[in-house]
Amino acid sequence: HKDAYQAILDGVKGGAKEKRLAAQFIPKFFKHFPELADSAINAQLDLCEDEDVSIRRQAIKELPQFATGDNLPRVADILTQLLQSDDSAEFNLVNNALLSIFKMDAKGTLGGLFSQILQGEDIVRERAIKFLSTKLKTLPEEVLTKEVEEFILTESKKVLEDVTGEEFVLFMKILSGLKSLQTVSGRQQLVELVAEQADLEQTFNPSDPDCVDRLLQCTRQAVPLFSKNVHSTKFVTYFCEHVLPNLSSLTTPVEGVDIQLEVLKLLAEMSSFCGDMEKLESNLKKLFDKLLEYMPLPPEEAENGENAGNEEPKLQFSYVECLLYSFHQLGRKLPDFLTAKLNAEKLKDFKIRLQYFARGLQVYIRQLRLALQGKTGEALKTEENKIKVVALKITNNINVLIKDLFHIPPSYKSTVTLSWKPVQKADASQKRTSEDTSSSSPPKKASAGPKRDARQIYNPPSGKYSSNLGSFSYEQRGGFRGGRGRGWGGRGNRSRGRIY
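Quick caveat, the model's predicted, so the values are computed rather than measured.

Caption draft 1: Geometry of the overall build of the protein chain. Looking only at helices and strands, one finds 20 helices and 0 strands in the protein chain. By the burial criterion, 49% of the 500 residues in the protein chain qualify as buried. In the protein chain, the proportion of contacts linking residues at least 24 apart, taken out of those at least 6 apart, comes to 75%. For the protein chain, the exposed surface amounts to about 24500 Å²; the carbon and sulfur share of it is 49%.

This is the structure we're talking about:
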């Protein structure tokens, strides 16, 4: 019968009819002729590359029948390479074939996929990563065992040594979906992976768009992993020491993005989960100094009480929300910073700045409340009103935090939800008085605020929020990833071509 099977194998060199028959019969009798296994797989492979699309589809459909024993990784490798097909029916057949051999031997299949991710052509690598990021989560638990998940993590670490920004995001999606990494120690492992990728040991270069992009990409991946048990200390320290002092000189490859606000929002989100910090006082000082830059002193007054020709300083509410929140979070760890670590003159200067900011804030909050009064449902969904709603959240948050710092000694007890985050339901035990940022009643005046005088009428900057709030929905921003070519690494040293 060996001769008869050989004749079937030779059929791949015949006409369309012979090839169709060969595509069916080679896999059908494959298991009976182990000594002809290599020849049989190669013959089927020739059919997978035939010019006739119907022959190709037939041959691909039957490929899982060759996935026995030692042949399985090779079949997985072949199927992975076939993911580069641009014929949608063919592409779906390849996907289904890969999923079916996954259920036979997940580790062997992953071996084939990862060998192509590490060494295959760019289009194959890209589609194999996409396959893993979309299909892994659909596999049942009995297929994705702990051992299989460990294999995925080990192989992913090899790939992460040389990836683009976009590939990194996909791998984080793959890894954070693994059941074994849902634990505290699993999350910690992922944070360490991200920190390694962010290269937090390197000198930060604010004028290199790739360096800035890489740090922000990585930080965005880390933020959802932080919790009260998985600390953000390493990232917060790096931001305070290297990024904040260079805030004004940051460059980005993406147009129309307020890169400074992006950085401050990430710092604010991470500050809630910062653990014990080595150089806490010095980093708090850096944060405090940056906050002062956005908390102007009142313009000097002429003798008659009128403004001495100086323009009202612009109040950067969005920046101040982030910086004040971060300072409030880290300040809890060193509550005597404002009273013991600053000299009396500095503290007095800070209080004057807070007072001035609080006055402008009160006027703006009143204007916003008036503009939104009585509006519900559809009326609140217009672009203009959406901006006002967010602006009200920002100003209310700042108001609550300023009140805390006006306490003697300064207090760090209030809790606010950052304006771009969904509101968390408060615990029943939690006091919701002045902290209730959704309340419609006007906030009480800051107790240390000056009495109203002729100069207190503050005209808030018009259109201030329309440019700043466009990207407030954190989840919808993907600006840093798009069309950046090869991003973080050349990856030019990998071999190319078919390695069936």
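Caption draft 2: Structural detail: the state of the cysteines. Counted by the stated rule, this structure contains 0 disulfides. Its sulfur unpaired, cysteine 240 is 7.6 Å from the next cysteine sulfur, which belongs to cysteine 274.

Caption draft 3: Region of interest: the nonpolar core. Judged by nonpolar contacts, the single largest core of 146 residues is most densely connected at Ile26, Leu79, Phe235, Phe327 and Leu338. Per-element tally for this core: the top contributor is helix α18 (residues 344-372), with 11 residues.

Caption draft 4: Here's a closer look at the packing of helix α8 (residues 122-135) against helix α10 (residues 165-176). At their nearest, the axes of α8 and α10 sit 9 Å apart, and the two run at 30 degrees to each other. By the angle between their axes, α8 is roughly parallel relative to α10. As α8 runs across α10, the sense of the crossing is left-handed. Along its contact with α8, which presents Arg125, Ile129, Leu132 and Ser133, the element α10 presents Glu167, Leu170, Phe171, Lys173 and Ile174. Its residues assigned to classes, the contact of α8 with α10 shows 5 nonpolar, 1 polar and 3 charged.

Caption draft 5: Quick peek at the pattern of salt bridges. Within this structure, the stated rule accounts for 17 salt bridges. Among the ionic pairs, arginine 220 bridges to glutamate 262, the shortest N-O distance being 3.1 Å. Of this pair, arginine 220 sits in helix α12 (residues 209-222) while glutamate 262 sits in helix α14 (residues 259-271), and the two are 42 residues apart along the sequence. Considered together, arginine 220 and glutamate 262 belong to a single accessibility category, that of buried residues. When the shortest N-O distance is used, the salt bridge between lysine 421 and glutamate 269 registers 3.1 Å. With a gap of 152 residues between them, lysine 421 in the loop between α19 (383-406) and α20 (464-468) and glutamate 269 in helix α14 connect regions that are remote in the sequence.

Caption draft 6: Quick look at the packing of helix α11 (residues 184-198) against α12. In contact at an axis separation of 9 Å, α11 and α12 are set at 175 degrees when each is read in the N-to-C sense. Our classification of the angle between α11 and α12 gives roughly antiparallel. Contact residues: Val194, Gln197 and Ala198 in α11; Arg214, Leu215, Cys218, Gln221 and Ala222 in α12. Tallied by class, residues from the contact of α11 with α12 come to 5 nonpolar, 2 polar and 1 charged.

Caption draft 7: Structural view of unusual backbone geometry. Here the amide bond leading from isoleucine 408 into proline 409 is cis, since omega sits at -10 degrees, within 30 degrees of zero. Inspection of the secondary structure assignment puts proline 409 in the loop between α19 and α20.

Caption draft 8: Summary view of the environment of aspartate 87. Among the structural elements, aspartate 87 can be located in the loop between α5 (71-82) and α6 (88-104). Beyond its immediate sequence surroundings of up to four residues, aspartate 87 is in contact with Val53 and Arg57. At 3.0 Å, the side chain of aspartate 87 forms a polar contact with the side chain of arginine 57. Within the structure, aspartate 87 has its side chain in polar contact with the backbone nitrogen of glutamate 90 (distance 2.7 Å).

Caption draft 9: Looking closely at the confidence of the model for the protein chain. With 82% of its residues at a pLDDT of 70 or more, the protein chain has an overall mean of 83. Per-residue pLDDT stays below 50 along residues 426-486; that stretch engages in 111 contacts with residues further than four places along the chain or on separate chains. Taken as a whole, residues 489-500 scores under 50 in pLDDT and shows 38 contacts with residues more than four places along the chain or in a different chain.

Caption draft 10: Representation of the packing of aromatic side chains. All told, the structure shown has 14 aromatic pairs when counted by the stated rule. Centroid distance phenylalanine 327 to phenylalanine 337: 5.9 Å. Interplanar angle 70 degrees. Geometry classified as edge-to-face. Of the two residues, phenylalanine 327 is situated in helix α16 (residues 317-331) and phenylalanine 337 in helix α17 (residues 337-341); the sequence distance between them amounts to 10 residues. For the pair formed by phenylalanine 327 and phenylalanine 337, the shared burial category is buried. Taking the ring centre of tryptophan 420 as reference, the NZ or CZ of lysine 265 above it sits at 5.1 Å.

Caption draft 11: The side chain of aspartate 50, seen in detail. Among the secondary structure elements, aspartate 50 is positioned in the loop between α3 (37-48) and α4 (53-62). Note on aspartate 50: relative accessible area 11%, which makes it buried. For aspartate 50, the side chain forms a polar contact with the main-chain nitrogen of aspartate 52, separated by 2.9 Å. Once you skip the residues sitting within four places of it in the chain, aspartate 50 turns out to touch Lys19, Ile55 and Arg56.

Caption draft 12: Looking closely at the environment of cysteine 322. Within the fold, cysteine 322 resides in helix α16. Here the alpha-carbon distance between cysteine 322 and serine 419, two residues 97 residues apart in the chain, equals 9.4 Å. The residues contacting cysteine 322, other than those within four sequence positions of it, are Leu261, Leu264, Lys265, Ala268 and Trp420.

Caption draft 13: Broad picture of the environment of alanine 97. Assignment of secondary structure puts alanine 97 in helix α6. Residue alanine 97 is classed as buried on the basis of its relative accessible area, which comes to 5%. Once residues lying within four places of it in the same chain are set aside, the contact partners of alanine 97 are Ile60, Pro64 and Leu79.

Caption draft 14: Looking closely at α6. Helix length check: α6 (17 residues) gives 25 Å between terminal C-alpha atoms against 24 Å at 1.5 Å per residue, within 8%. Burial in α6 covers these residues: Glu90, Val94, Asn95, Ala97, Leu98, Leu99, Ile101 and Phe102. For α6, the side-chain oxygen to backbone nitrogen distance between the N-cap and alanine 89 is 3.2 Å, and the N-cap itself is aspartate 87.

Caption draft 15: View of the side chain of lysine 19. Counting through the fold element by element, lysine 19 comes out in helix α2 (residues 16-29). By relative accessible area, which is 18% here, lysine 19 ends up buried. The residues contacting lysine 19, other than those within four sequence positions of it, are Gly11, Val12, Gly14, Leu47, Asp50 and Ile55.

Basis of the calculations
- Residues numbered from 1 in each chain as written.
- Predicted model: local features only at pLDDT ≥ 70, side-chain atom pairs only at ≥ 80, totals over all residues.
- Heavy atoms only, no water.
- Helix = DSSP H or I, 4+ residues; strand = E, 2+ residues; numbered from the N terminus.
- Buried < 20%, exposed > 50% of the residue type's maximum accessible area, 1.4 Å probe, protein only.
- Contact = heavy atoms within 4.5 Å.
- Areas by Shrake-Rupley, 256 points an atom, 1.4 Å probe, with all protein chains shown as cover.
- Disulfide = S-S within 2.5 Å.
- Core = buried A, V, L, I, M, F, W, Y, C linked by side-chain atoms within 4.5 Å.
- Axes fitted to C-alpha atoms, helices over the stretch in contact; angles between N-to-C directions.
- Parallel < 35°, antiparallel > 145°, perpendicular 65-115°, else oblique.
- Left-handed = near helix turned anticlockwise from the far one by under 90°.
- Nonpolar A, V, L, I, M, F, W, Y, C, P; charged D, E, K, R; others polar.
- Salt bridge = Lys/Arg side-chain N within 4 Å of Asp/Glu carboxyl O.
- Polar contact = N/O pair within 3.5 Å; in protein donor to acceptor, adjacent residues only side chain to side chain.
- pLDDT = per-residue confidence, 0-100.
- Phe/Tyr/Trp six-rings, centres within 6.5 Å; stacked < 30°, edge-to-face > 60°.
- Lys NZ or Arg CZ within 6 Å of the ring centre and 35° of its normal.
- Expected span 1.5 Å × (residues − 1).

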